[in-house]
Amino acid sequence: MSSNSPSPAATATPVVVPISTAALWLVSALFLGLAMYFLIGLDQGAVSVFGQNSNIHEFVHDARHLLGFPCH
């Protein structure tokens, strides 16, 4: 007869990430987050760093309202 007992579980080994790699990922994620926050939440067109147009504002207009940013 076969036994239905579970096999011994393998122990999990944590992945060791060097602090320099972790810091690089943290800084990159922070920069990307701040860039997205600016492009979606703060870029109004009139004060755009990309010229005197509102292309970015119009492109993310619905996302602005979905996230609760007022724009008009």
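Residues numbered from 1 in each chain as written. Predicted model: local features only at pLDDT ≥ 70, side-chain atom pairs only at ≥ 80, totals over all residues. Heavy atoms only, no water.

## Some words on the overall build of the protein
Looking only at helices and strands, the protein features three helices and zero strands. Scanning the protein from its N terminus toward the C terminus, one meets helices and strands in the order α-α-α. Within the span of the protein, comprising 72 residues, buried residues form 15% of the whole. A fraction of 18% describes how many contacts in the protein between residues 6 or more apart in sequence connect residues 24 or more apart. Surface accessibility of the protein: about 6,300 Å² in total, with carbon and sulfur atoms responsible for 71%. (Helix = DSSP H or I, 4+ residues; strand = E, 2+ residues; numbered from the N terminus. Buried < 20%, exposed > 50% of the residue type's maximum accessible area, 1.4 Å probe, protein only. Contact = heavy atoms within 4.5 Å. Areas by Shrake-Rupley, 256 points an atom, 1.4 Å probe, with all protein chains shown as cover.)

## Observations regarding the confidence of the model for the protein
Mean pLDDT over the protein: 79, with 71% of residues reaching 70 or higher. The weakest mean pLDDT in the protein belongs to helix α2 (residues 55–59) at 74; the strongest belongs to helix α1 (residues 19–42) at 90. (pLDDT = per-residue confidence, 0-100.)

## Brief notes about the environment of Ile56
You can see Ile56 is positioned in helix α2. Counting along the chain gives 16 residues from Ile56 to Ile40, while the straight-line C-alpha distance between them is 8.0 Å.

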